[in-house]
Amino acid sequence: MKGYQRHREMEVYLTTFDGAQHLRLHGWLKRNDTLIKSETIVDNDDQFGMFMVYITENQLNKLKENNTESSLFMELEVMSTESERWNLFQDKKNKKDKDNMFEKIQDFMFSFQIRDKGDIEKFLIQANETSLALFKQNKDFIIDYIETEELTYGDKVKDLDLMIETFVEEERYEDCAILVKIKKKMKKYYLKKQKTKKL
C-alpha cells in the first residue's frame with residue numbers, strides 16, 4: 001500500500017467544549033471526507049476533546065462557515081511545523097498542573113502519520129478505546145451519541161457493530177454488552193422518533 005499523500009492539506013488542531021459539540025464535529029469531518037489524524041478526550045473545565053486533522057483550504061473555509069451556524073468547535077489552530085505543534089501543547093500545559101495535564105494528553109500522537117494499513121489499524125484501535133471510555137464514564141455522552149443528528153442512524157449502527165466485532169475478537173464480552181445495550185437504546189429512540197413524526 002502506498003504512503004498517504006497530502007494534497008495541499010493543512011494540519012489543523014480543533015478543540016471542542018462538550019460531548020455534544022464533539023459529536024457534531026466528528027459527524028461533520030466524516031461527512032466531508034476529512035482525514036482525522038488523531039482524536040483525544042481531555043474532558044476538563046477548559047475543553048472536552050481535540051481533533052488533529054488534515055484539511056484543504058476549501059474544506060477549512062466551509063468548516064468555519066458551518067461553525068457559525070452549528071457550533072462545531074471551540075478553537076481552531078493551523079500548524080505547519082513540529083515546533084508550532086509542540087508550542088501549542090506547551091501553552092496548554094502551562095495553564096494546568098503539569099503532571100495532571102500530561103496524564104490527559106499522553107496518548108495524543110504528535111507525529112502520527114498514516115502511511116499504511118498498520119497505521120490505520122492503530123488509529124482505529126485508539127478511536128475504539130476512546131469511544132468506549134466515554135460510554136463508560138459519561139451517561140450524558142451516550143444520550144448525545146444516540147440523539148445527535150450529525151451522524152445518521154446507519155452510521156452509528158455501523159460504528160457500533162465494528163467496535164463490537166473488534167472486542168469480540170479480543171474476547172472483551174463485558175465491553176460488547178455495553179455496546180449492544182447502547183444499540184438497543186438507540187433503536188428504541190429512533191422508533192419512537194418515527195412514531196412521533198407520523199402523529
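Reading guide: rules and limits
- Residues numbered from 1 in each chain as written.
- Predicted model: local features only at pLDDT ≥ 70, side-chain atom pairs only at ≥ 80, totals over all residues.
- Heavy atoms only, no water.
- pLDDT = per-residue confidence, 0-100.
- Helix = DSSP H or I, 4+ residues; strand = E, 2+ residues; numbered from the N terminus.
- Contact = heavy atoms within 4.5 Å.
- Core = buried A, V, L, I, M, F, W, Y, C linked by side-chain atoms within 4.5 Å.
- Buried < 20%, exposed > 50% of the residue type's maximum accessible area, 1.4 Å probe, protein only.
- Pairing = 2+ DSSP bridges.
- Axes fitted to C-alpha atoms, helices over the stretch in contact; angles between N-to-C directions.

### A look at the confidence of the model for the protein chain
- When pLDDT is averaged along the protein chain, the result is 76; 73% of the residues meet or exceed 70.
- Per-residue pLDDT, averaged within each element of the protein chain, yields its smallest value for helix α4 (residues 98-105) (42) and its largest for strand β3 (residues 49-56) (89).
- Considering only residues more than four positions removed or in separate chains, one finds that residues 81-86, a stretch of pLDDT under 50, has 12 contacts.
- In the model, residues 93-115 has pLDDT below 50 throughout and makes 51 contacts with residues more than four positions away in sequence or in other chains.

### Here's the deal with the nonpolar core
- Ranked by internal contacts, the top residues of the largest apolar core, which has 21 residues, are Phe-135, Tyr-145, Leu-160, Leu-179 and Met-186.
- The set of elements that each furnish at least two residues to this core consists of α5 (117-137), α6 (139-147), α7 (153-169) and α8 (173-198).
- Sequence-distant contacts of Tyr-145, defined by excluding residues within four places in its chain, comprise Leu-23, Phe-135, Leu-151, Lys-156, Asp-159, Leu-160 and Met-186.

### As for the sheet that holds strand β2 (residues 35-41)
- Across the sheet, 4 strands lie side by side as β2-β3-β1-β4; this open sheet has antiparallel pairing. Both outer strands of the open sheet, β2 and β4 (75-79), are each paired with one neighbouring strand and no more. Neighbour to neighbour, the strand axes of the sheet diverge by 20 degrees on average, direction disregarded.
- The strands that helix α1 (residues 19-31) touches are β1 (9-16), β2 and β3; relative to β3, the one it contacts most, it runs at about 20 degrees.

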